[in-house]
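So the chains spell out like this:
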2 protein chains.
Amino acid sequence: MENVLKEITPKSVDYSQWYVDVIKKADMVDYAPIKGFMVIKPYGYRIWEFIQDAMNRHFWATGHENAYFPLLIPEHLLLREAEHVEGFSPEVAWVTIGGGEELSERLAVRPTSETIVGAMYSKWIQSYRDLPVLMNQWSNVVRWEKATRPFLRTTEFLWQEGHTVHRTRQEAEQETHQQLEIYRRVIEEELAIPVIAGRKSAGERFAGAVETLTLEALMGDGRALQIATSHFLGQNFSRAFDIQFLDEDGVQKYGWTTSWGSSTRMIGGLIMVHGDDKGLRLPPRVAPVQIAIVPIARSGDGASVLNYARELEGALKPIYRVRLDDRPEYTPGYKYNDWEMRGVPLRIEVGPHDLKNRAMVFARRDTGDKTTVSRDGFEREVASVLESIQARLFEQATEYRESHRHMIEKLRDAEEYGYRGFFEGGWCGQDGCADTVKAETGMTIRCLPFEGQARGACVVCGQPATEHMLLARAY
Amino acid sequence: MENVLKEITPKSVDYSQWYVDVIKKADMVDYAPIKGFMVIKPYGYRIWEFIQDAMNRHFWATGHENAYFPLLIPEHLLLREAEHVEGFSPEVAWVTIGGGEELSERLAVRPTSETIVGAMYSKWIQSYRDLPVLMNQWSNVVRWEKATRPFLRTTEFLWQEGHTVHRTRQEAEQETHQQLEIYRRVIEEELAIPVIAGRKSAGERFAGAVETLTLEALMGDGRALQIATSHFLGQNFSRAFDIQFLDEDGVQKYGWTTSWGSSTRMIGGLIMVHGDDKGLRLPPRVAPVQIAIVPIARSGDGASVLNYARELEGALKPIYRVRLDDRPEYTPGYKYNDWEMRGVPLRIEVGPHDLKNRAMVFARRDTGDKTTVSRDGFEREVASVLESIQARLFEQATEYRESHRHMIEKLRDAEEYGYRGFFEGGWCGQDGCADTVKAETGMTIRCLPFEGQARGACVVCGQPATEHMLLARAY
């Protein structure tokens, strides 16, 4: 705790350093002794558990079940789907020795599991009666990355990957959209991060996918974060892995498959979207501590104030994640800063005066507002304030995004904004123009938003637009 | 589903084959395309999720928090604790290539995480105020095994591993016992598996531990399963990893550490302890489906019986994991066998007669008993029957164990029982006698039970006993 109150670098001075200061000082994560790997500490991991709970509720409600597939994938399986192997093999970590002996075939530490899952599905699926297969896996994956940043891009990360097989193309496409919608709900409703949904352009698709759907969020520095993706894999993997079924009409057919994933990267997005120069700001639904109670006691009345604080804690504990900060070695001011830095949504301060009046002071982390609240019915007030904070963080983030979202006619129109923010405009659909965007501006096509409509000319070449695209520099 | 009703090999004919038949036919697990690896299917994984929930409740209640440490451990860290590396390095899978390049230092896929956790704790702990550190991790681990069996011993498995640091030896020893007691409660209360708690003899200790505590369960074939362990590590790892703190008295001291683990192996124990020749028998608290409702409809009254079954399902659904089996393609008899094979604790059968009488038939999986139950207040009856099944499975398993637990005076006294079961007797404490037991009988010292008392002579050499030991052939 000794380090907690050292300065956090202001966002405006150095956004990257601000991010690292916040996650380390809020005790969410630490660097591991191997380059590119992180340790997720309890305060960060608890947020991951809340995300898992929310995702699982939605997955179960839509008929999905969790399962577990092996960590290690034999090389010959990884090689089966041509585009997939091209996309992933440069990033693979290989196990070559096991039990003291050189292995006859090297084993990939899974970078994603379509191949091993496909091999199993091929065994399990025989008849149309076996379909759909709707499975999800919570696991770790490894992708050898050159530039890493905790939560956002690490060599190992935690995620969930769903893998499904369907009887028809239409059903698989629906699944792809349904799962994207689940991600949207969890990310917007729990994490309070507004997202833009759309299709990836061909150049940005998942290796082996026919279509990749994505959710894109805007971070506090005007850069985009791809925060979850859902892939329609067509019959690419079912052909590569021989996932066939005997249909009702007596004909042997290939299944239609999907996969979809979201990871600890969401926690990085959470920090960057809501954090400020005082540290984290956590939406109540995913805050490990929702309410911190800080007693302010002068000598003489310490015991009675502490008892009063305990009474409040006891009233809230059955419903909320509440922490009474009775550490004797720190001043109230230190504690205020500490809980603000950790992003606790609501702080309740109680002093001798509050005890006398059967009242307390509510301090909101999102606005900094302080109000006096009566002890009678304060539980209802807590409920209402937490809901208000959850809603306001989402509104603030949406306002920030909308004020950093610009329609452009020409690529250079984005220059005056320093390429910070989302830029929308027409695209002719040619790879060449996508390459030009990247080369000249460092931006990429984040997606072709579902809600956009192709209009006017391509912002790059001036030819008629066939697509509406969303551009940004991205993490 | 087509394969479901093929014969399960009787336990008495071939116990190993029985085990494999049951787990495959109940759809819990499948073999992966790499030797020694398994795929945990949803029906098996759901049980793991119930175990996780139960463990987490206990861990949280005792102040532990979940965290996540890296999968890959640099070789130099693994080498730091001499006994530990000697124990684990023969089983390690090594990553030698990452991102297309040979690594300068090879990385172990974690066989357990004391070393990487120790390296981090050394950074995090400075003062006595930082203690205790109480963390747990849910993760996968890899140990290169020669002979494998799903759930019981696989190259990769899922587990939790707790790692704690304490100020005093006494506190760390208490922690070791407290966590063993948590395991005992979850395994006995949720999985309905009775266990014997004790200390491991020196030869059976965890590599690097000062003391290993264990829970030993007796399987249906009279072999023992070590089902969870808790290790007092003394200062071995704190010295190897320099986990020091400045104590209140101003003196720099080494921390006292513990680690404790339980794994998907518990599911193997669950199957072997309760299963019978019809398949699984699952304790209600961890059954993915607690109640199966099977409508028995003749042509003509099909719709009204099905509606009645739906009404019952609707009444139970808010509280229980219930499944209405309305598959038109199967007969009631097929469905009975199917749900029995999957170990569902309670089956509710409803036919036209039951509909008329506003009644139903309860069929218990544990006893096979059938009773008629009135629709009025049947929910209370369900609660009571499920509790009774949970209790009875535990009693049955305890009775089985007690009837296969023998006091012996001489090692050869165990021969008449074919070395099946638990054998207890005196031990002189010498390694030589432990080796003799193993060489002559294939049994090992499972533990020195807390409740046993050294008496009489060593069953091997006849010298005075200094320990009371529990012997068995083990998985």
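Cut-off values and rules
Residues numbered from 1 in each chain as written. Chains lettered and ligands numbered in written order. Predicted model: local features only at pLDDT ≥ 70, side-chain atom pairs only at ≥ 80, totals over all residues. Helix = DSSP H or I, 4+ residues; strand = E, 2+ residues; numbered from the N terminus. Rg over C-alpha atoms; globule rule 2.2 N^0.38 Å. Buried ≥ 20, exposed ≤ 12 C-beta atoms within 10 Å, placed from the backbone. Least-squares fit on C-alpha atoms with pLDDT ≥ 70 in both. Contact = placed C-beta atoms within 7 Å. Axes fitted to C-alpha atoms, helices over the stretch in contact; angles between N-to-C directions. Parallel < 35°, antiparallel > 145°, perpendicular 65-115°, else oblique. Left-handed = near helix turned anticlockwise from the far one by under 90°. Nonpolar A, V, L, I, M, F, W, Y, C, P; charged D, E, K, R; others polar. Expected span 1.5 Å × (residues − 1). Arc of directions from axis to C-beta. Domains from an automatic or database assignment. Pairing = 2+ DSSP bridges.

1. What to know about the overall build of chain A
The helix and strand tally for chain A stands at 13 helices and 23 strands. Taken over C-alpha atoms, the radius of gyration comes to 25 Å for chain A, in line with the 23 Å a tight globule of 475 residues would show. Burial analysis of chain A (475 residues in total) assigns 50% to the buried set.

2. A few points about helix H1 (residues 15–25) of chain B
Those residues of H1 of chain B that fall on the buried side of the exposure criterion are Trp18, Tyr19, Asp21, Val22 and Ile23 of chain B. Among the residues trailing H1 of chain B, Asp27 of chain B stands out with phi positive, at a value near 65°.

3. Re the relation of the copies chain B and chain A
Rotating chain B by 180° and moving it 0.0 Å along the rotation axis overlays it on chain A with an RMSD of 0.0 Å. Taken together, the rotation and translation relating the two chain copies correspond to the operation of a two-fold axis. For chain B, the smallest separation between a C-alpha atom and the rotation axis is recorded for Val95 of chain B, amounting to 2.1 Å. Most of the interface of chain B is mirrored in chain A, where 100% of its interface residues are also at the interface.

4. Focus on unusual backbone geometry
All names here are of chain A. Cis geometry is found at the peptide bond from Leu131 to Pro132, where omega equals -5°. On the secondary structure map, Pro132 appears in the loop between helix H5 (114–124) and strand E7 (133–142). Despite not being glycine, Arg358 has its phi angle at roughly 50°, a positive value. For Arg358, the position within the fold is in the loop between helix H11 (352–357) and strand E18 (359–364).

5. What to know about the packing of helix H2 (residues 42–61) of chain B against helix H6 (residues 169–190) of chain B
Residue and element names in this part refer to chain B. Put simply, H2 and H6 touch, their axes get as near as 10 Å, and they point 140° apart. With respect to H6, the axis of H2 lies oblique. Pair H2 / H6 crosses with right-handed handedness. Residues Phe50, Ile51, Ala54, Met55 and His58 of H2 pack against Ile182, Arg185, Val186 and Glu190 of H6. Looking at the contact of H2 with H6 residue by residue, the class counts come to six nonpolar, one polar and two charged.

6. Digging into H6 of chain B
All names here are of chain B. Under the 1.5 Å per step criterion, the end-to-end length of H6 is 31 Å for 22 residues, consistent within 8% with the ideal 32 Å. Taken together, the buried positions of H6 are Ala172, Glu175, Thr176, Gln179, Leu180, Ile182, Tyr183, Val186, Ile187 and Glu190. For H6, the angular spread of buried residues about the axis comes to 150°, placing them on one side. Note on H6: the residue one or two positions beyond its end, Ala192, has a positive phi of about 60°.

7. A look at the domain arrangement of chain A
Taken domain by domain, chain A comprises domain 1 (15–274), domain 2 (289–387) and domain 3 (405–472). A C-alpha centroid distance of 49 Å is found between domain 2 of chain A and domain 3 of chain A.

8. Examining the sheet that holds strand E23 (residues 467–472) of chain B
All names here are of chain B. Reading across from one edge, E3-E7-E8-E14-E11-E10-E9-E22-E23-E21-E20 is the order of the 11 strands in this open sheet, with mixed pairing throughout. Taken across any chain shown, the strands that pair with only one partner, and hence form the sheet edges, are strand E3 (65–66) and strand E20 (405–407). Where strand E8 (residues 156–166) and strand E14 (residues 256–263) come together, eight bridges link them in antiparallel fashion. Across the sheet, residue Glu161 finds its bridge partner in E14, namely Gly261. H6 rests against E8, strand E9 (196–199), strand E10 (211–218), strand E11 (224–234) and E14 of the sheet, and its axis sits at about 160° to E11.

9. Here's the deal with the pairing of strand E11 (residues 224–232) of chain A
All names here are of chain A. Burial analysis of E11 places nine of its nine residues in the buried class, the great majority of the element. Examined bridge by bridge, strand E10 (residues 211–218) and E11 share eight bridges and lie antiparallel to one another. Each residue of the ladder has a partner; that of Glu216, found in E11, is Gln226. Here E10 hands over to E11 after five residues, with Gly222 in that stretch at a positive phi of 80°. In the sheet, E11 pairs with strand E14 (residues 256–263) via four bridges, with the strands oriented antiparallel. Paired with Thr229 across the bridge in E14 is Gly261.

10. Topic: the sheet that holds E14 of chain A
Residues and elements named next belong to chain A. If you walk across this open sheet you meet the 11 strands as E3-E7-E8-E14-E11-E10-E9-E22-E23-E21-E20, and the pairing is mixed. A strand with exactly one partner marks an edge of an open sheet, and here the two such strands are strand E3 (65–66) and strand E20 (405–407). Judged from the five bridges that link them, strand E21 (residues 422–427) and strand E23 (residues 467–472) form a sheet pairing that is antiparallel. Each bridged residue has a counterpart across the sheet, and for Glu424 the counterpart in E23 is Leu470.

11. Description of the interface of chain B and chain A
Chain B puts 41 residues into the contact, and the matching count from chain A is 41 residues. Ranked by residue count, the leading element in the side of chain B that touches chain A is strand E5 (residues 93–98) of chain B, at six residues. Its residues assigned to classes, the side of chain B that touches chain A shows 29 nonpolar, six polar and six charged.

12. Here we look at the environment of Ala202 of chain B
Residue and element names in this part refer to chain B. As for its position among the elements, Ala202 is in the loop between E9 and E10. Using a count of 13 C-beta atoms within 10 Å as the deciding quantity, one classes Ala202 as partly exposed. Between the C-alpha atoms of Ala202 and Leu107, which are 95 residues apart in sequence, the distance is 30 Å.

13. Topic: the environment of Arg199 of chain B
Residue and element names in this part refer to chain B. Inspection of the secondary structure assignment puts Arg199 in strand E9. By the C-beta count within 10 Å, which is 17 here, Arg199 ends up partly exposed. Taking C-alpha positions, Arg199 is 14 Å from Gln174, a pair spaced 25 residues apart along the chain. The residues touching Arg199, leaving out its near neighbours within four places in the chain, are Glu211, Leu213, Cys447 and Leu448.

14. Things to note about the environment of Ile271 of chain B
Residue and element names in this part refer to chain B. Note on placement: Ile271 falls in helix H8 (residues 265–274). Separated by 120 residues in the primary sequence, Ile271 and Phe151 have C-alpha atoms spaced 9.8 Å apart. The contact partners of Ile271, leaving out residues within four places of it in the chain, are Tyr19, Val22, Ile23 and Leu280.

15. Focus on the pairing of E10 of chain B
All names here are of chain B. Burial runs high along E10: seven of the eight residues are buried. Alignment of E9 against E10, held across four bridges, turns out to be antiparallel. The partner of Ile196 across the bridge, within E10, is Glu216.

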